There are 2 protein chains.
Amino acid sequence: MYRTNTCGELRLADAGKKVTLAGWVQRIRKMGSLNFVDLRDRYGITQLVADDTADKTVIDTINSLGREYVIQAEGVVSERQSKNPKMPTGDIEIKLDKINILNAAVTPPFTIEDQSDGGDDLRAKYRYLDLRRGPLQRALALRHRMAIETRNYLDGNNFMEIETPFLIKSTPEGARDFVVPSRMNPGEFYALPQSPQTFKQLLMVAGYDRYFQIVRCFRDEDLRADRQPEFTQIDCEMSFVEREDILKMFEGLVKHLFKNVLGKTFDEPFERISYDEAMSFYGSDKPDLRFGMQMHEITSLVQGKGFSVFDSAEYVGAIAVPGCANYSRKQTDELTEWVKRPQVGAKGLVFIKFADEVKSTIDKFYTPEQIAEIAKNVGAEKGDLILILCGPKHKTQVALGTLRLEMGSRLGLRKPEDFKPLWVYDFPLLEWDDETQRFYAMHHPFTSPKPEDLDKFYSNKQEDLADVKANAYDIVLNGNEIGGGSIRIFDRKIQERMFEILGFSHEQAEYRFGFLMNAFKFGAPPHGGIAFGFDRLCALFGGQETIRDFIAFPKNNMGRDVMAEAPSVIDDAQMEELFLKSTVKKEQ
Amino acid sequence: MYRTNTCGELRLADAGKKVTLAGWVQRIRKMGSLNFVDLRDRYGITQLVADDTADKTVIDTINSLGREYVIQAEGVVSERQSKNPKMPTGDIEIKLDKINILNAAVTPPFTIEDQSDGGDDLRAKYRYLDLRRGPLQRALALRHRMAIETRNYLDGNNFMEIETPFLIKSTPEGARDFVVPSRMNPGEFYALPQSPQTFKQLLMVAGYDRYFQIVRCFRDEDLRADRQPEFTQIDCEMSFVEREDILKMFEGLVKHLFKNVLGKTFDEPFERISYDEAMSFYGSDKPDLRFGMQMHEITSLVQGKGFSVFDSAEYVGAIAVPGCANYSRKQTDELTEWVKRPQVGAKGLVFIKFADEVKSTIDKFYTPEQIAEIAKNVGAEKGDLILILCGPKHKTQVALGTLRLEMGSRLGLRKPEDFKPLWVYDFPLLEWDDETQRFYAMHHPFTSPKPEDLDKFYSNKQEDLADVKANAYDIVLNGNEIGGGSIRIFDRKIQERMFEILGFSHEQAEYRFGFLMNAFKFGAPPHGGIAFGFDRLCALFGGQETIRDFIAFPKNNMGRDVMAEAPSVIDDAQMEELFLKSTVKKEQ
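Now for a description of the structure that goes with this document. Predicted model, so just to flag it, every value in this text is computed and none were measured.

What about the relation of the copies chain B and chain A?
At step 1: Superposing chain B onto chain A takes a rotation of 180 degrees plus a shift of 0.0 Å along the axis, which leaves an RMSD of 0.1 Å. On the angle and the small slide along the axis, the relation comes out as a two-fold axis.

Focus on the nonpolar core
At step 1: Among the nonpolar cores identified, the biggest contains 61 residues, and Tyr128(A), Leu202(B) and Tyr208(B) are the most heavily contacted of them.
At step 2: Considering each element in turn, this core owes the most residues, six residues, to helix H16 (residues 506–519) of chain B.
At step 3: Not counting residues up to four positions away in its chain, the partners in contact with Tyr128(A) are Met563(A), Leu202(B), Val205(B), Ala206(B), Phe515(B), Asn518(B), Ala519(B) and Phe522(B).
At step 4: By size, the runner-up hydrophobic cluster in this structure holds 60 residues, among which are Leu202(A), Ile273(A), Ala441(A) and Phe520(A).

Details of unusual backbone geometry
Residues and elements named next belong to chain A.
At step 1: Cis geometry is adopted by the peptide bond preceding Pro567, which originates at Ala566 and carries an omega value of 0 degrees.
At step 2: Tracing the sequence through the fold places Pro567 in the loop between helix H17 (534–541) and helix H18 (572–577).
At step 3: If you check the backbone angles, Asp426 has positive phi at about 55 degrees while not being a glycine.
At step 4: Following the sequence through the fold, Asp426 ends up in the loop between strand S17 (421–425) and strand S18 (430–433).
At step 5: With relative accessibility at 16%, the residue Asp426 sits in the buried group.

Side note on helix H16 (residues 506–519) of chain A
The α-helix advances 3.6 residues per turn, and as a result positions three or four apart in sequence lie on the same side.
At step 1: A rise of 1.5 Å per residue sets the reference length of H16(A), with its 14 residues, at 20 Å; its end C-alpha atoms lie only 16 Å apart and thus fall more than 12% short of the reference.
At step 2: For H16(A), the complete set of buried residues consists of Ala509(A), Arg512(A), Phe513(A), Gly514(A), Phe515(A), Leu516(A), Met517(A) and Ala519(A).

A closer look at the pattern of salt bridges
At step 1: According to the stated counting rule, one finds 91 salt bridges over all chains in the structure shown.
At step 2: For Lys450(B), the salt bridge goes to Glu452(B), with nearest N and O atoms at 3.7 Å.
At step 3: Bridged by salt links that share partners, the residues Arg143(A), Arg216(A), Glu230(A), Asp535(A), Lys555(A) and Glu163(B) form one connected network.

Points about the packing of aromatic side chains
At step 1: Applying the stated criterion across every chain, the model contains 55 aromatic pairs over all chains.
At step 2: Ring plane angle 45 degrees and centroid distance 5.4 Å describe the contact between Tyr275(A) and Phe427(A), whose orientation is recorded as tilted. Note that Tyr275(A) is positioned in helix H7 (residues 275–282) and Phe427(A) in the loop between S17 and S18, a separation of 152 residues in sequence.
At step 3: On the basis of relative accessibility, which here comes to 11%, the residue Tyr275(A) falls in the buried class.
At step 4: Judged by relative accessible area, Phe427(A) falls into the buried class, the value being 6%.
At step 5: With a centroid separation of 5.1 Å and an interplanar angle of 5 degrees, the aromatic rings of Phe499(B) and Phe513(B) are classed as stacked. One end of the pair, Phe499(B), is in helix H15 (residues 492–501); the other, Phe513(B), is in helix H16, and 14 residues separate them in sequence. Note on accessibility: Phe499(B) and Phe513(B) belong to one class, buried.
At step 6: One aromatic cluster in this structure is built from Phe258(A), Phe266(A), Phe270(A), Phe419(A) and Phe541(A).
At step 7: One Lys or Arg, Lys169(A), reaches over the ring of Tyr511(A) and ends 4.3 Å from the middle of that ring.
At step 8: Its guanidinium or amino end placed over the ring of Phe291(A), Arg404(A) lies 4.0 Å from that ring's centre, counting from NZ or CZ.

Side note on the sheet that holds strand S12 (residues 296–297) of chain A
Residue and element names in this part refer to chain A.
At step 1: The five strands lie next to each other as S12-S13-S16-S14-S15, forming an open sheet whose pairing is antiparallel. The open sheet is flanked by S12 and strand S15 (358–360), the only strands paired with a single partner.
At step 2: Across seven bridges, strand S13 (residues 315–321) lies against strand S16 (residues 384–391) in antiparallel orientation. Considered in S16, the bridge of Tyr315 is made with Gly391.
At step 3: Running over the sheet, helix H11 (residues 368–377) touches S12, strand S14 (350–354), S15 and S16 and is turned about 95 degrees from S14.

Here we look at the environment of Gly317(B)
All names here are of chain B.
At step 1: Considering the arrangement of structural elements, one finds Gly317 in strand S13 (residues 315–321).
At step 2: Note on Gly317: relative accessible area 0%, which makes it buried.
At step 3: Ignoring any residue separated from it by four or fewer positions in sequence, one finds Gly317 in contact with His296, Glu297, Ile298, Leu387, Ile388, Leu389 and Leu400.

Parameters and conventions
- Residues numbered from 1 in each chain as written.
- Chains lettered and ligands numbered in written order.
- Predicted model: local features only at pLDDT ≥ 70, side-chain atom pairs only at ≥ 80, totals over all residues.
- Heavy atoms only, no water.
- Least-squares fit on C-alpha atoms with pLDDT ≥ 70 in both.
- Core = buried A, V, L, I, M, F, W, Y, C linked by side-chain atoms within 4.5 Å.
- Buried < 20%, exposed > 50% of the residue type's maximum accessible area, 1.4 Å probe, protein only.
- Helix = DSSP H or I, 4+ residues; strand = E, 2+ residues; numbered from the N terminus.
- Contact = heavy atoms within 4.5 Å.
- Expected span 1.5 Å × (residues − 1).
- Salt bridge = Lys/Arg side-chain N within 4 Å of Asp/Glu carboxyl O.
- Phe/Tyr/Trp six-rings, centres within 6.5 Å; stacked < 30°, edge-to-face > 60°.
- Lys NZ or Arg CZ within 6 Å of the ring centre and 35° of its normal.
- Pairing = 2+ DSSP bridges.
- Axes fitted to C-alpha atoms, helices over the stretch in contact; angles between N-to-C directions.

In structure tokens form, the structure reads like this:
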């Protein structure tokens, strides 16, 4: 071992001990006759010191050091003259007897500090240096702890972690598969799993009862910001359960993680709201409950008063923004522009400054009493700014929900250290796609319809099918979906009907999911499950909005690893072995 | 929840309780007026009973049941008339009040029993049914426990589990990579990792100090028996360590697993032998120490006595097989044929029946005194059968080692419940390949040469290079390598020399490993690691020789998943999106 102690553990109580440390040079300073070196490892920073009584070779070596040199240092733990209360090791320093350069380092292209001077691209290229910085070390330590505690909880509840294959059959439904050519089976391909969905259902058929896996999944999608082609899920499935059992079990998991990773206790059950309520009150199926500012529909209240914009709208909704009645013209103009951006997509913004003197863009259509009635309906208090959007229902709800989030952010109501988890349930089973003129499964094709909606499920009317609710649920944290799942179809006939609705021919369904359908013949238990997006969960626990820092080696939004320069060209011999030709020509 | 209890937990103390169970019908029997159903789940089997006092619908339902039906049963826990001491639930049965078919099942193609009547192919096709059998359930439960305990130990020793990417850069050295075409980067491919080797070394450069991961790895090899294209490793790396630190830490892991999974305690340190000793005494770099029967070189002892076969041999070696001096002519003839098989490859077998009356095939060349001297040298006792092979040294050692294992097996000395772990160290760094006329890294190109061999490492003589020892080690259990690793090269110059020896041009090395070489410039700590073959480790702990039953969904030796029918043809549109053409034509 190159060291007796780490750079994070020595304290005043260790004074007088002879120790050996090893690590990276964080900083070198000369103060009069004193030479200081800050030595860093994963565990902390310890100050090394050599005064004029030190061996000349020690001083010479210190003089030859540069930032990020790897050194080994021997000396005696001593009480510091001027202590640093900000550092756990700030009471002591090591009086150097010996110092030994283990490896020199060229100067890194950016500073290895909590706040680095390196830009995103540079830090991505030298990811192994970026990973030396405190925020990333803490992010990966948190991720490790999250995984350990997830396993502790699930193992303690009789779940078995079972590894499912990565080289599987391509079943093109939903996102695009990454595929892997098979050399031994010419012309054929494996797919990388988008999730272990079919395998975990087979494990339920096989009687494994409580399965989980922290597992990598793959999606060949055009990458939106903050998506990765490979990502990690906590994937879970249970047999002989109903929705309530699953919600209870996994609410327990999330509470366990809060308690054991962040030290936060949740005594109350998580809030639960239906999809329809979530859309009505928050304009989102993943509402951020860290603040109120609920949406209120005021359609019937405002119509028939001669304001044609409202009269012709399917939906009129409003929020009351606390304490913003004093917004200037400039501010309301800017907000109006903001809601008209294509990402929000509203046609315009109506506002009421609900102060002692009420001001509004709709003064001439509504009496002060009517305005007061509106304010009452949206729960506004004196001093609030009421913001109103109108238009087609779903679209306007979503836009108003986006505006709500924006106002929450502007008012500082969305604090990263606040956590408001909730369940959203009763999602629609199917989504109609105008372009392809067919239904898609909103969750996935194995999600069961709610038993009370089975009649509609067997109807051939589009509006009936659109109305079928799924026995599905999401868990939401601070405006992010962190997990989702459903009670599965375990009846072969219902599954066949589902494939029929999704427009699969019997042959297509057979080709893609034949083995699963077949398995269901041999005694499938009632079952259901959930999957958590582990990268996102870790990021939120770490108080971050983006997942990048919680993945050791992420890819950029072209799916490239800019550090290792992957993907890359492979040589012709390998292409030949795989019975493949490329239709583009690239130079190696 | 569909049940109040599992089928494994009820005992006599529960008598009188009203319970609901759910599971699969294992067996149905009628005995006079009594109807019995054995109900099975992952936790055990519980007997259900209905007598003539039972509700008629209960009896009717029982009469309609078949094997593997999924049912829910309600009733009262009652003491059995005739107890079954072999079953944990054998003292009780459930007197049925209600029974409910949750799902019917067609008759499975083989019996779901510990000993099934299904052949390998049939069971592979219906893997989800095979997985219902006890031996597989126990195998996967053991695997889960092994993973949990591995993480407990490593987490307790400050290791962090850090997930490394699956879509990486192809670095064709060693085995063949599986590749993944990139749609977003036309003409380019990712590779699936053969191991996280480069990433874990980068994590050491990044200061993570103690890393591990239980991780899937991929090798596109022609599959020998009991190899899988995807397999799982416990992958580990440490910084600021020497060989001794790693051996101690991971001997601790293996002992922890033995203790916490199998309840076996190892008080003594594991035996350690060098590669050269292993070859000399066992003819193998992964010796089975469950039995003695060590090999002895007797070259100088037997040469010069006029027996030209021995005189012309580079090596003559022998083992003494205990108590087999009474082997018949037929038996020794059969052994002679056995060693001549191409898998063993000996030219012939010389034997000495070392009983009161000594008989040997070489009687006419050696006096009884000389024979006694040979016997003494190979440690034979009266009653032993001495088996002698001769020929080129390495080849003959391996053949004699194979014969040793065979005799151990024949004598029943290799008991699956015995465990003899050991370390083998000081492997050669390089292996010369006659065909390609170049050296290959025996372990991998990042393994460091032993410091005392650095002169030879920089020599240009083939014999010097062949003589360089690696700072590498394997951990061996019962004749199987279960893990291996090395202290890594952390000096860029030594790494460059290594690539030079392996015949990589500067450009090739740069293209393949540039980012790692580059990282080493910025302060690489001394580091080393180890990786365990997790599938094999689990199989050995489970007392099995093959890994198949310890993997939930294995592939056959053509790399096919015969259950899901993967790999398979993908459609032309997807090929086009990937800028690929197949040079073989297959029908979907």
